[in-house]
Amino acid sequence: MIRRFRLRLEQTNEDDILLIAFDTPAGDVVERRRAPFAPGELVRLLDELERTATVADADDLLAVQLGERLFAWLFAEQVGALWHESRAIAHAHGDALRLELYLPQAFQAWPWELLRDPEGDFLAFSSLTPVVRFVPTPHTNEPPMLVEPPLRLLAVFASPEGMPPLDVAAEEARLQTALETVSPAGMFTLHVVRNATPGMLHRAVRRFQPHVVHVAAHGDPSGRIFLQSDSGAPVAMGGREWARLLADVPTVRLLWLNSCHSADERAHVPTLAERFMELGVPAVVAMHRAISDAAAITLTQTVYEALAEGWTLESALAHGRKALAQAHGLDWSTPALYLSRANSRLWSVVGAAPQRDEVVLIEPEEATPTTPPPDLTLDVLAELEVCALPPLDAWVGPLGEERCVSVGALWVSRTPITNAHYAAFVAATGAEPPPHWGGMTPPAELRDHPVVFVARAEAEAFAAWLGGRLPTEEEWERIARGDRARIFPWGDEWCATCAHTAEQGARSTAPVGRYPDGATPEGVLDLAGNVWEWTATTEEGQAIAKGGSWFEPAEAARTWERLYADPVRGYDDVGFRVVWDEAPQETRNV
């Protein structure tokens, strides 16, 4: 499993930098730091590094010195203490710790891929400490795309006349070789566009609807990539042209730019990678500097082989960096990885074998027969708090259109079901875990958050496992509104300390029970905000969910509001709670 060490940098003046580490395994911290480079020094060092990287058999002394200097600056004082504590926590659980850098333009050109621990090695070499440039977008919490094989890879090759020739034939051959091991199983299909013109590329993208777009072409420091005209002359494509090309292709999960300077942040704002992520592309691999044909081919083959074997992208790239270091020296630091998703798995393949965990470096030994897993039902029930509600003639329906319905006695989970609860269900039944977990167990920091990305049928299966069910819409409103049709679960006036909604600046779920002021008179919590909750009610093929969420304003949290949702999909702001018609055993009643 991958844990996240999220670090944002902000420049308050020429010499003063604010470092904000947040949502890490060990907590949060904010501190100020003076810049580590004198004016003009970094540009000089990067130019020297590029000259060194192009020399055959070059010593990596400059890269080591620069990487250790940057590491010592970044992980000093409180941020450093938090990093080392987070590494210890991740190591104790056998997890990786991903350094996610949120970087304004002023820091994009810094050589973060060179970060080097003097007591170890370059962080980016290891699957246990991947370094990514994180670009937050509205799609950040989306799960991996569900894909029926084969995965479609579009390879685009261009070597225009008048520019240094590229060995595109060799790269195409290596790319084909990298996919051959899985092609018989129908995992990948490859579509190649040779001597690519913009028109050819447009038609291929439209017709093929690829999951991966791999571009091998010349780039330049102005942020352009060169295709060719019908006559073979160079045709420059900048960020705007690429954005138009990919704007209506939602299938693309990875854009691979084997193009020199495609990640050269000193030259253009925003970078090509950032433009693509604004379109919804989850991942981009681009090149900081010029990269030789041989190095690009080695990188391509290694990374695609690893992806085909089921590694996550950052782990596959770590393997690619090692292969480059062995054969091509400092070229290993040329690729940069940009992500815009918390879950770095780019897709979930229907019917495929389980994907590799990020930290598994050898094939597991053949499992020996074991006894069946223990029944964890009673353990989960023992941890649940349940509120008992008497029979009631309740008023339900929109304000001004209420109707009275008789609702029998109910026992209801006091909060929505959490990731920790659902993890026990996954362990006991072999159910599919939610995709944002990145494995069979949730990230530690999400254990007490409501489980999300769970389709309604999966919620119903969990409830049945505990001997319960989902409430109907009328039952849910009875729980939230009581005997007098309250506007909000706590009363008729909005309360800013009672619910996790957009008014609180929420960007994701919160731990259940964080807002005790929002309880109903019977003690039921989190009926407003945090997550919409599945009900058993369906209308015109759509499932009804209730209660508003972290993404919605206060109006959506009113007790009669509804969300119409596709019951077979999971959402990042829809969870559920369980009700019983009889008192469940082993629960803690409140």
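Residues numbered from 1 in each chain as written. Predicted model: local features only at pLDDT ≥ 70, side-chain atom pairs only at ≥ 80, totals over all residues. Heavy atoms only, no water.

### Structural notes on the overall build of the protein chain
Spelled out, the test is: Put simply, DSSP marks the helices as runs of H or I at least four residues long and the strands as runs of E at least two long, and each gets a number from the N terminus on. The classification of residues rests on relative accessible area computed with a 1.4 Å probe and restricted to protein chains. Under 20% of the type maximum is buried, over 50% is exposed, and intermediate values are partly exposed. Working rule for contacts: check all heavy atoms of both residues, and any pair within 4.5 Å makes them a contact. Exposure was quantified through the Shrake-Rupley algorithm and a 1.4 Å probe, taking into account, for residues, occlusion by the shown protein chains and nothing else.
Counting its regular elements, the protein chain contains 13 helices and 26 strands. By the burial criterion, 56% of the 590 residues in the protein chain qualify as buried. When contacts within the protein chain are restricted to residue pairs at least 6 apart in sequence, long-range pairs at least 24 apart make up 73% of them. Carbon and sulfur atoms provide 52% of the accessible area of the protein chain, an area that totals close to 24,400 Å².

### Quick look at the packing of aromatic side chains
We count it as follows: Think of it this way: a Phe, Tyr or Trp ring, Trp meaning its six-membered ring, pairs with another when their centres are within 6.5 Å, and the plane angle makes it stacked under 30 degrees, edge-to-face over 60, tilted otherwise. The rule is short: NZ of Lys or CZ of Arg within 6 Å of the ring centre and within 35 degrees of the ring normal puts a charge over the ring.
One pass over the structure, following the stated rule, counts 25 aromatic pairs. Consider the rings of F425 and W465, whose centres lie 5.4 Å apart with planes at 55°: the pair is tilted. With F425 in helix α11 (residues 419-429) and W465 in helix α12 (residues 456-465), this residue pair connects regions lying 40 residues apart in the sequence. In terms of burial, F425 and W465 fall into one category: buried. These aromatic residues form a ring-pair network of at least three members: Y422, F425, W437, F462, W465 and F576. The aromatic ring of F134 is capped on one face by R4, whose charged end is 5.4 Å from the ring centroid. Over the face of the ring belonging to F22 we find R8, whose NZ or CZ atom lies 5.6 Å from the ring centre.

### Points about the pattern of salt bridges
Oppositely charged side chains can form a pair if their charged atoms are brought close together. Where we set the bar: The salt bridge criterion pairs a side-chain nitrogen of Lys or Arg with a carboxyl oxygen of Asp or Glu, the two atoms within 4 Å.
Here the structure, examined in full by the defined rule, presents 28 salt bridges. The salt bridge involving R6 is made with D23; its shortest N-O contact spans 2.8 Å. In this pair, R6 is assigned in strand β1 (residues 2-11) and D23 in strand β2 (residues 16-24), connecting sequence segments 17 residues apart. When the shortest N-O distance is used, the salt bridge between E473 and K546 registers 3.1 Å.

### Section: the state of the cysteines
Covalent bonding between the sulfur atoms of two cysteines is what defines a disulfide. The line we're drawing: When the sulfur atoms of two cysteines come within 2.5 Å, that pair is taken as a disulfide.
Inspection of the entire model under this criterion finds 1 disulfide. Disulfide partner of C495: C498, at an S-S distance of 2.2 Å. Between C495 and C498 the sulfur-sulfur dihedral comes to about 70°; the bridge is accordingly right-handed. The class of C495 is buried, set by a relative accessible area of 19%.

### Topic: the nonpolar core
The condition that has to hold: Here, the term nonpolar core denotes a set of buried Ala, Val, Leu, Ile, Met, Phe, Trp, Tyr and Cys residues that are joined through side-chain atoms within 4.5 Å.
In this structure, L99 and W112 are the most contacted members of the largest nonpolar core, which totals 81 residues. At 8 residues, the largest contribution of residues to this core is made by helix α2 (residues 61-74).

### Details of the pairing of strand β14 (residues 283-287)
Here is the rule we go by: Paired strands, in this sense, are two strands between which DSSP finds at least two bridges.
Burial analysis of β14 places 5 of its 5 residues in the buried class, the great majority of the element. Taking every second residue as pointing to the same face, both faces of β14 are buried, with A283, V285 and M287 on one and V284 and A286 on the other. Pairing geometry for strand β13 (residues 254-258) and β14, over 3 bridges, is parallel. Bridge pairing links W256 to V285 in β14. Bridge count for β14 against strand β15 (residues 335-339) is 5 bridges, and the pairing is antiparallel. Directly across from A283, in β15, lies its bridge partner L339.

### Focus: the sheet that holds β13
The condition is simple: Convention adopted: a line fitted to C-alpha atoms gives each axis, helices being fitted over their contacting stretch, and angles between N-to-C directions are expressed from 0 to 180 degrees.
Spatially, 11 strands are ordered β3-β2-β1-β4-β5-β15-β14-β13-β9-β7-β8 in an open sheet, and the strand pairing comes out mixed. Because the sheet does not close on itself, it has two edges, and the strands there are β3 (27-34) and β8 (188-193). Strand-to-strand twist of the sheet, defined as the mean angle between neighbouring strand axes without regard to direction, takes the value 20°. Against the sheet, helix α3 (residues 77-92) touches β1, β2, β3 and β4 (96-102), its axis set at about 145° to β3. Where helix α9 (residues 313-328) meets the sheet, its contacts fall on β1, β4, β13, β14 and β15, and the angle it forms with β15 comes to roughly 175°.

### A closer look at the environment of C387
Note that C387 resides in strand β17 (residues 385-389). A C-alpha to C-alpha distance of 9.5 Å links C387 and A583, two positions 196 residues apart in sequence.

### As for α3
As a reminder, the rule being used: Residue count minus one, scaled by 1.5 Å, sets the expected span of a helix. The arc in question is the one spanned by the directions pointing from the helix axis to the C-beta atoms.
Counted at 1.5 Å a residue, the expected span for α3 with its 16 residues is 22 Å, and the 23 Å between its end C-alpha atoms agrees. Taken as a whole, α3 has its buried residues at V79, G80, L82, W83, S86 and A90. Mapping the buried residues of α3 onto a view down its axis gives an arc of 160°, with all of them on the same face. Of the exposed residues in α3, those oriented more than 90 degrees away from the buried face are E77, H91 and A92. Residue G94 follows α3 closely and has a positive phi angle near 70°.

### Some words on unusual backbone geometry
Notably, A485 is not glycine yet its phi reads approximately 50°, a positive angle. Along the polypeptide, A485 turns up in the loop between α13 (473-481) and β21 (532-539). The backbone of N530 sits at a positive phi, close to 65°, despite the residue not being glycine. Examined against the element boundaries, N530 turns out to sit in the loop between α13 and β21. Since its relative accessible area comes to 2%, N530 is described here as buried.

### Focus on the confidence of the model for the protein chain
Detailed conclusions should not be drawn from predicted coordinates in areas where pLDDT is low. Our working rule: Per-residue confidence from the predictor is given as pLDDT, running between 0 and 100.
Chain-level pLDDT for the protein chain is 82 on average; 87% of the residues reach the 70-or-more range. Across residues 352-374, confidence stays below pLDDT 50; counting only partners more than four residues off in sequence or on other chains, it has 31 contacts.

### Comments concerning the environment of A173
Structurally, the position occupied by A173 is in helix α4 (residues 168-180). With 128 residues separating them in the primary sequence, A173 and Q301 have C-alpha atoms 9.4 Å apart.

### Topic: the side chain of E172
Cut-off, in case you're wondering: Identification of polar contacts relies on pairs of N or O atoms within 3.5 Å, with a donor-acceptor requirement for protein atoms, meaning one able to donate a hydrogen and the other able to accept it, and with residues adjacent in sequence counted only if both atoms are side-chain atoms.
If you trace the backbone, E172 turns up in helix α4. Here the side chain of E172 touches R194 through a polar contact of 2.6 Å, side chain to side chain. Those residues in contact with E172, other than ones at most four positions away along the chain, are F157, V192 and R194.

### Details of the packing of helix α5 (residues 198-208) against helix α6 (residues 239-246)
Just so we agree on the cut-off: Amino acid classes used here: Ala, Val, Leu, Ile, Met, Phe, Trp, Tyr, Cys and Pro are nonpolar; Asp, Glu, Lys and Arg are charged; the rest, including Gly, are polar.
Close contact between α5 and α6 brings their axes to 10 Å; oriented N to C, the two are set at 35°. Contact with α5, carried on its side by L201, H202 and V205, involves W242, L245 and L246 of α6 and no other residues of that element. Looking at side-chain class alone, the contact of α5 with α6 contains 5 nonpolar, 1 polar and no charged residues.

### Describing the side chain of R478
Under the convention used in this document: For the charge count, each Lys or Arg is scored as positive and each Asp or Glu as negative, with His and the chain ends excluded.
Here R478 shows up in helix α13. Despite its burial, R478 pairs with no opposite charge; the closest candidate is E522, at 4.1 Å N-O. At a separation of 3.1 Å, a polar atom in the side chain of R478 contacts the main-chain carbonyl oxygen of P390. Beyond its immediate sequence surroundings of up to four residues, R478 is in contact with L389, P390, L392, A394, V396, V407 and E522.

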